[in-house]
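Tertiary structure, described
Chain by chain, the residues:
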Amino acid sequence: MHRLVQRSADLYQNLDDHDHPLRGKAVGILFAKSSTRTRTAFTVGCIRLGGSPVTYGPNDLQTNTGESIADTGRMLGCMLDLLVARTAGPLDDLRAMSRHGGLPVINAMATEEHPTQGICDLATVKMARGEIDGVRILYVGEGNNTASALAEGISHFAGCHVTFATPEGYGVPAATMESAAKRAATQHTTLTEVHSMDAIPDDAEFDFVYTTRWQTTGTTKPDPDWREKFLPFSVDDALMARWPHAWFLHDLPAHRGEEVSGSVLDGDRSLAWKQARMKLTSAMSTLEWAAQQS
């Protein structure tokens, strides 16, 4: 994790700082759900690293006609050197593709986690702050796959503290929090979760406030009145005023007026657009690492 984050930051400074590790390799780019940043980042990243991307959209594979994930993996493994995949299903689908295809598969997002987003987020923190160790982050909103990736990623760094402020019933999965907190404890890093903004102590200090879109890709909420539960977790100028030196993070896309006000997203303390650009270099660092392992 340290290596991937540092490499992403290095590539942000110089996109040509590599020896084209994907030269001569065919890289599948499979996105079964809509994507702007992640799909573009991996496609462009593959090209910049010397690879030849083979792109697949939601309706391009025979999985739509009933072919199994295992059989699809076998076929892709016969022809590709590496696969980047965002499926509409669980992480186990990606593991099955890798296992049956005998090829490396990069998780570009699954239901449970969004690891390359986590690399991007931590690299953005490093670029802004100089180091990750000791950082204090307030994450506000749904405990989705981005939140899970943040919890898992930050647990590899020392002396950090992350507070997840999530609506009741929409928290970070308990198993994820438990495993991440256990690893974090070995680094003297703490992860906590609250279900009310009022539960955040008045004397709490944060370096970053992070939120994500409430209605994330491929998810539905069983409660028809879920927006009422989420309204208190909106990031606006009043919330940011509690920590006047904190930067703002958002993984995008954003819905101004819902999870974040336009004045915060487009304000002087917002790193959201730099964070978006960092998607490219986090994809490149991950592709480079996977190529070296295969």
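Structure's up top.
Just so it is clear, the structure is predicted and the values come from calculations on it, not from any experiment. (Residues numbered from 1 in each chain as written. Predicted model: local features only at pLDDT ≥ 70, side-chain atom pairs only at ≥ 80, totals over all residues. Heavy atoms only, no water.)

1. Considering the side chain of Thr189
Stated formally: Under the DSSP-based scheme used, a helix requires at least four consecutive residues in state H or I and a strand at least two consecutive residues in state E, with every element numbered from the N terminus. Definition of a polar contact: a pair of N or O atoms within 3.5 Å, with one able to donate and the other able to accept a hydrogen when the atoms are protein atoms, and with sequence-neighbouring residues admitted only if both atoms are side-chain atoms. Whether two residues are in contact is decided by their heavy atoms: any pair within 4.5 Å suffices.
The residue Thr189 is located in the loop between α7 (174-185) and β7 (190-194) in this model. Among the polar contacts made by the side chain of Thr189, one reaches the main-chain carbonyl oxygen of Phe157 at a distance of 2.5 Å. Leaving out residues up to four positions away in the same chain, Thr189 has contacts with Ile154, Phe157, Ala158, Gly159, Cys160 and Ala184.

2. Side note on the nonpolar core
The following threshold applies: We define the nonpolar core as a collection of buried residues of types Ala, Val, Leu, Ile, Met, Phe, Trp, Tyr and Cys that are connected through side-chain atoms lying within 4.5 Å of one another. Here the term buried applies to any residue with accessible area under 20% of the maximum for its type, exposed to any over 50%, and partly exposed to those in between, with areas from a 1.4 Å probe on protein chains only.
Within the largest apolar cluster, 30 residues are counted, with the highest numbers of intra-cluster contacts made by Ile132, Val135, Ile137, Leu150, Ile154, Phe164 and Leu191. When contributions to this core are tallied by element, the ones reaching two or more residues are α1 (2-13), α5 (115-129), β5 (136-140), α6 (145-154), β6 (161-165), α7 and β8 (208-211). In this view, Ile154 contacts Leu122, Ile132, Val135, Ile137, Cys160, Val162, Thr189 and Leu191; residues no more than four positions away in its chain are not counted. Formed by 22 residues, the second largest nonpolar core is a distinct cluster that contains Val194, Ile200, Met240 and Ala272.

3. With respect to the pattern of salt bridges
Any two side chains of opposite charge can pair, so long as their charged atoms come close to each other. Rules: Counted as salt bridges are all cases of a side-chain nitrogen of Lys or Arg within 4 Å of a carboxyl oxygen of Asp or Glu.
Going through the model one piece at a time under the given rule, you end up with twelve salt bridges. Where Arg7 meets Asp17, a salt bridge forms, and the shortest distance between an N and an O atom there is 3.2 Å. Taken as a pair, Arg7 in helix α1 and Asp17 in the loop between α1 and β1 (26-31) lie far apart in primary sequence, ten residues in all. Of the residues examined, Arg7 reaches a relative accessible area of 17% and is grouped as buried. Asp17 sits in the partly exposed class, given a relative accessible area of 35%. A salt bridge links Arg227 to Glu258; the nearest nitrogen and oxygen atoms lie 2.7 Å apart. With Arg227 in helix α8 (residues 226-230) and Glu258 in the loop between β9 (247-250) and α10 (262-265), this pair connects stretches of sequence that are 31 residues apart. Classification of Arg227 by relative accessible area gives partly exposed; the value is 37%. Each member of the salt-bridge network shares a partner with another, and the members are Arg7, Asp17 and Glu288.

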